[in-house]
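Below, each chain spelled out in residue letters.
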Amino acid sequence: MPRASAPLVPAARHPLWSGFLIGLLVGAATAALMVALRLALDAPSLQEVLMERLVALTPGPVFGFLIDAFQKLGKPLLFFSLSLAVALAGGLAGSAYAWSLLRLAPPYPRPTYLYGLLLGLALWSLSALAVAPLAGIGPFGVGLPGSALAFSLSQALAWGFFGVAVAALVEEAVLAGPSVEPASRRRFLRQAALWGAVVGVAALGLRALVRVGEKMGANFIPTRQPGVLPPVVTPNPQFYIISKNAVDPVVEVEAWKLKIGGLVERPYTLTYPELRALPLVEEYVTLECISNLVGGDLISNALWKGVPLKHLLERAGLKPAAEMITFVSQDGYSESLPVDQALRDEVLVAYEMNGEPLPTAHGFPARIIVPGLYGMKHPKWLTHIDVVAYEFQGFWEQQGWSDEAEVKTTSQLLVPRHLGEVSRVLVQTAGIAFAGAKGITRVEVSFDNGETWRDAALQPALSPYTWVLWTADWQPAASGEHTLVVRATDGQGAVQTSEEAPTFPDGAAGLHRIKVTFRPTGAQGPSRP
Ligand SMILES: Nc1nc2c(c(=O)[nH]1)N[C@H]1C(S)=C(S)[C@@H](COP(=O)(O)O)O[C@H]1N2
Ligand SMILES: [Mo]
């Protein structure tokens, strides 16, 4: 046990440093508390608000580079970095508080918690009047539809906790340094109790953080097994998940309404049962994220059920000036389609996926499905459809991503697995090919790194809007390493380009290559199961 008088944070070698350390630790607990309040009050945390702004402000090419480099890790990394930033801000505030206290001549004012509340108030004001407007949600978060009050309240609670805890701890560590008070067991106990309270709050927040982390972790569930051809229809739990959010919205279906308005003759709203009662369509559509790498797994296929968007728009009656159809979602996501594209029969407001109501992660209760365009054009958690007379850029388009977002022809070699080993004289290779709404007419495979090509056998596509699965037999000519390449031809006869492109701004391009070692049975070498 430490000497009874020893403060838990080493007292004031340098008071500003002690203040910083205390502020940093309490700040970390505060960042975690913000996450707990986020879940309890259902209003975005400071981290999320900052994250959204940061994403919007990052120049597209830089963001594209980061996406390519970090892929699925990007979002959790950003969220935890911003939590760290909150802790660091706490450190600075702790330092500043210690500094201001030392300016005052003794005897020091009591009770401390009043000063703590003042510190909290100062930080809350800073958050409400400077950080929130800078983050684009207006003072006090008034720009957050429906959750401004909850946001303000959670910020007030979080910074209030920070202020009181820091004031009490700084007083113990900085003011009541060894010279002020005689060594006492009571002082030690008081500090231990204070730190216990901070740790308790941190633990509460940590539990929330784990829950948020688990949700983000859902993105890491592998959408397919290495070396195995995926099923032609992706089961819902394996369907890839992408969203801009740290915490996705959970929509209350009883309160949910789809509003159709703007430049229409007869604006109206639909409840969930009303939407489900309209004439429906079912179609297979493959979705691919625009940030999917060549050979990447952000691509899946499902059977979607819903109402043709055309039906909803015709019921409202477009005014002649109508240019674009815009979509707004519960999470603030926005998208748009030109009128002629939105009126195509195959564009749906979908509410079922593979025979089940849309899972939360995939946009419950309703989302747009627009065959032929990258995933970003398929807004989830849809709440508003608005007809406008001007060009409208959605969430990702504002950052510089493609307005059209038409899927580029792509193909993947999935069997055998990259860097795997084969031992048979006849090897079956297999994979997928996808060209959005253009269809796939041919897939060719090369077993000698592109020198010669062989036609693969295609399975019939489930609809004009899906990927196709293909297979091809391979007789390795010699043992050793081989480079296999695949390329597809779309429904208009265009061969997939071999020219490589990064995902930003309009989707990755290039040919998928894998390396496979052929080791005939009986040959020397490490055996594999
Ligand atoms: N409301 C909302 N819709 C959204 C997004 C989002 O962040 N919010 N992300 C888009 C992106 S970038 C993709 S790739 C697809 C992914 O759909 P999925 O998660 O069902 O596969 O949803 C799109 N729809
Ligand atoms: Mo995406």
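Being a predicted model, the structure only gives us computed values, none of them experimental.

> Can you tell me about the side chain of Thr-466, naming the residues and giving the values?
With respect to the secondary-structure elements, Thr-466 resides in the loop between strand 16 (457-458) and strand 17 (468-474). Taking relative accessible area as the criterion, Thr-466 reaches 2% and is therefore assigned buried. A polar atom in the side chain of Thr-466 sits 3.4 Å from the backbone nitrogen of Leu-462. Here the side chain of Thr-466 touches Ser-463 through a polar contact of 3.4 Å, landing on its backbone oxygen. In this structure, Thr-466 is in contact with Tyr-284, Val-285, Thr-286, Asn-301, Phe-434 and Ala-461, ignoring residues within four places of it in sequence.

> Outline the nonpolar core, supporting the account with residue identities and numerical values.
It is characteristic of soluble globular proteins that their nonpolar side chains tend to be buried jointly. The biggest cluster of nonpolar side chains holds 47 residues, and the ones touching the most others in it are Leu-258, Trp-304, Leu-312, Val-349 and Ile-385. Here this core takes 5 residues from strand 7 (residues 348-353), the largest share from any one element. Apart from residues lying up to four places away in sequence, Leu-258 is in contact with Tyr-268, Thr-269, Leu-270, Leu-312, Val-349, Leu-382, Thr-383, His-384 and Ile-385. Among the nonpolar cores identified, the runner-up in size contains 37 residues, and Val-49, Val-86, Ala-93 and Ala-98 belong to it.

> Tell me about the pairing of strand 6 (residues 334-338), and please be specific about residues and values.
Within strand 6, 4 of the 5 residues are buried, which leaves the element mostly enclosed by the surrounding structure. In sequence, strand 5 (residues 324-329) turns back onto strand 6 through a hairpin of 4 residues, with Gly-332 there showing a positive phi of about 85 degrees.

> Got a sec to walk through the packing of helix 1 (residues 15-41) against helix 7 (residues 185-217)? Specific residues and values, please.
The contact between helix 1 and helix 7 brings their axes to 7 Å, and the two run at 45 degrees. Regarding the angle of helix 1 to helix 7, the classification is oblique. The handedness of the crossing between helix 1 and helix 7 comes out as left-handed. Residues Ile-22, Leu-25, Val-26, Ala-29, Ala-32, Leu-33, Val-35, Ala-36 and Leu-39 of helix 1 form the contact with helix 7, whose own contacting residues are Trp-195, Val-198, Val-201, Ala-202, Leu-204, Gly-205, Leu-206, Ala-208, Leu-209, Arg-211 and Val-212. In terms of residue class, the contact of helix 1 with helix 7 is made up of 18 nonpolar, 1 polar and 1 charged.

> If you had to explain the domain arrangement of the protein chain to someone new, which residues and values would you point to?
What the domain assignment lists for the protein chain is domain 1 (15-219), domain 2 (242-399) and domain 3 (410-518). Centre-to-centre separation of domain 1 and domain 3, based on C-alpha positions: 51 Å.

> Break down the pattern of salt bridges for me, with residues and values.
Applying the stated criterion across every chain, the model contains 16 salt bridges. A salt bridge links Arg-276 to Glu-352; the nearest nitrogen and oxygen atoms lie 2.7 Å apart. One end of the pair, Arg-276, is in helix 8 (residues 272-276); the other, Glu-352, is in strand 7, and 76 residues separate them in sequence. With a relative accessible area of 31%, Arg-276 lands in the partly exposed category. Residue Glu-352 is classed as buried on the basis of its relative accessible area, which comes to 8%. In this structure, the salt-bridge partner of Glu-397 is Lys-377, at a minimum N-O distance of 3.1 Å. Here Glu-397 is found in the loop between strand 10 (382-388) and strand 11 (410-415), whereas its partner Lys-377 is found in the loop between strand 9 (367-369) and strand 10, with 20 residues between them in sequence. Classification of Glu-397 as buried rests on a relative accessible area of 3%. One continuous salt-bridge network, built from bridges that share partners, spans Arg-442, Glu-444, Asp-455 and Arg-487.

> How would you summarise the packing of helix 4 (residues 74-103) against helix 7 if you had to cite specific residues and measurements?
The geometry of helix 4 relative to helix 7 is characterised by a closest axis approach of 10 Å and an angle of 160 degrees between their N-to-C directions. Here helix 7 runs roughly antiparallel to helix 4, going by the angle between their axes. Helix 7 is crossed by helix 4, and the crossing has right-handed handedness. Residue-level contacts link Lys-75, Pro-76, Phe-79 and Phe-80 of helix 4 to Leu-209, Val-212 and Met-216 of helix 7. Among the residues making up the contact of helix 4 with helix 7, the classes are represented as 6 nonpolar, no polar and 1 charged.

> Provide a residue-level description of helix 2 (residues 46-57), including the pertinent values.
Helix length check: helix 2, at 12 residues, gives a terminal C-alpha distance of 16 Å against a target of 16 Å (1.5 Å per residue), a fit within 8%. Burial in helix 2 covers these residues: Leu-46, Gln-47, Glu-48, Val-49, Met-51 and Val-55.

> How would you explain the packing of aromatic side chains if you had to name every residue and give the values?
Across all of its chains, the model carries 13 aromatic pairs by this definition. Geometrically, the ring pair formed by Trp-256 and Tyr-272 is edge-to-face, given 6.3 Å between the ring centres and 85 degrees between the ring planes. Of this pair, Trp-256 sits in the loop between helix 7 and strand 1 (258-262) while Tyr-272 sits in helix 8, and the two are 16 residues apart along the sequence. Owing to a relative accessible area of 3%, Trp-256 belongs among the buried residues under this scheme. Cluster of aromatic residues (ring-pair linked, three or more members): Phe-63, Tyr-333, Phe-395 and Trp-396. Between Arg-487 and the ring centre of Trp-453, over which it is positioned, the NZ or CZ distance is 3.9 Å.

> Give a description of helix 9 (residues 309-316) that names residues and reports values.
Burial in helix 9 covers these residues: Leu-309, Leu-312, Leu-313 and Ala-316. In a view along the axis of helix 9, the buried residues occupy a sector of 95 degrees, so they form one face of it. Positioned one or two residues after helix 9, Gly-317 has a phi angle of 80 degrees, which is positive.

> Can you break down the sheet that holds strand 16 residue by residue, with the values?
The sheet built from 4 strands is open, its strands ordered 11-13-17-16 with antiparallel pairing. Of all the strands in the sheet, just strand 11 and strand 16 have a single pairing partner and so form its edges. Both strand 13 (residues 427-434) and strand 17 contribute to a ladder of 7 bridges, which runs antiparallel. Looking at the pairing, Thr-429 lines up with Ala-472 of strand 17.

> Give a detailed account of the environment of Ala-342, specifying residues and quantitative values.
Considering the arrangement of structural elements, one finds Ala-342 in helix 10 (residues 339-342). For Ala-342, a relative accessible area of 0% gives the class buried. Sequence spacing of Ala-342 and Leu-309 is 33 residues, and the spatial spacing of their C-alpha atoms is 6.9 Å. Discounting residues that sit within four places of it in the chain, Ala-342 has contacts with Leu-309, Lys-310, Leu-313, Ile-325, Leu-337 and Val-347.

Conventions used here
In this convention, every chain numbers its residues from 1, walking through the sequence in written order. To read the labels, note that chains go from A and ligands from 1, taken in the order they are written. Only residues with pLDDT of 70 or above have their local features reported here, since the model is predicted, and side-chain atom pairs are shown and tallied only from 80 upward, although totals for entire chains, interfaces and linings are computed over all residues. Values reported for side chains reflect all heavy atoms of the structure, with hydrogen atoms and water molecules removed beforehand. To qualify as a helix, a DSSP run of H or I must reach at least 4 residues; to qualify as a strand, a run of E must reach at least 2; elements of each kind are numbered from the N terminus. Categorising residues by exposure relies on relative accessible area from a 1.4 Å probe, with only protein chains included: less than 20% of the type maximum marks a residue as buried, more than 50% marks it as exposed, and the intermediate range marks it as partly exposed. What qualifies as a polar contact is a pair of N or O atoms within 3.5 Å, subject to a donor-acceptor requirement within protein and to the restriction that residues adjacent in sequence count only when both atoms come from side chains. A contact between two residues is defined here by any heavy atoms of the two lying within 4.5 Å. The nonpolar core is taken to be a set of buried Ala, Val, Leu, Ile, Met, Phe, Trp, Tyr and Cys residues, with the residues joined through side-chain atoms within 4.5 Å. Pairing between strands requires that DSSP locate at least two bridges from one strand to the other. Fitted lines through C-alpha atoms give the axes, limited to the stretch in contact for helices. The angle between two N-to-C directions lies from 0 to 180 degrees. Convention used here: angles under 35 degrees read as roughly parallel, angles over 145 as roughly antiparallel, angles from 65 to 115 as roughly perpendicular, and any remaining angle as oblique. With the far helix as reference, a near helix turned anticlockwise by less than a right angle produces a left-handed crossing, and one turned clockwise produces a right-handed crossing. Gly falls in the polar group here, along with every residue not listed as nonpolar (Ala, Val, Leu, Ile, Met, Phe, Trp, Tyr, Cys, Pro) or charged (Asp, Glu, Lys, Arg). Where each domain starts and ends follows an automatic or database-derived domain assignment. Salt bridges, as used here, are contacts in which a Lys or Arg side-chain nitrogen is within 4 Å of a carboxyl oxygen on Asp or Glu. Take the number of residues in a helix, subtract one, and multiply by 1.5 Å to get its expected span. Side-chain rings of Phe, Tyr and Trp (the six-membered ring for Trp) are treated as a pair once their centres are within 6.5 Å; stacked means planes under 30 degrees apart, edge-to-face means over 60, and tilted covers the remaining angles. Put simply, a charge is over a ring when the Lys NZ or the Arg CZ is close to the ring centre, within 6 Å, and near the line of the ring normal, within 35 degrees. The directions from the helix axis to the C-beta atoms are what the arc is built from.

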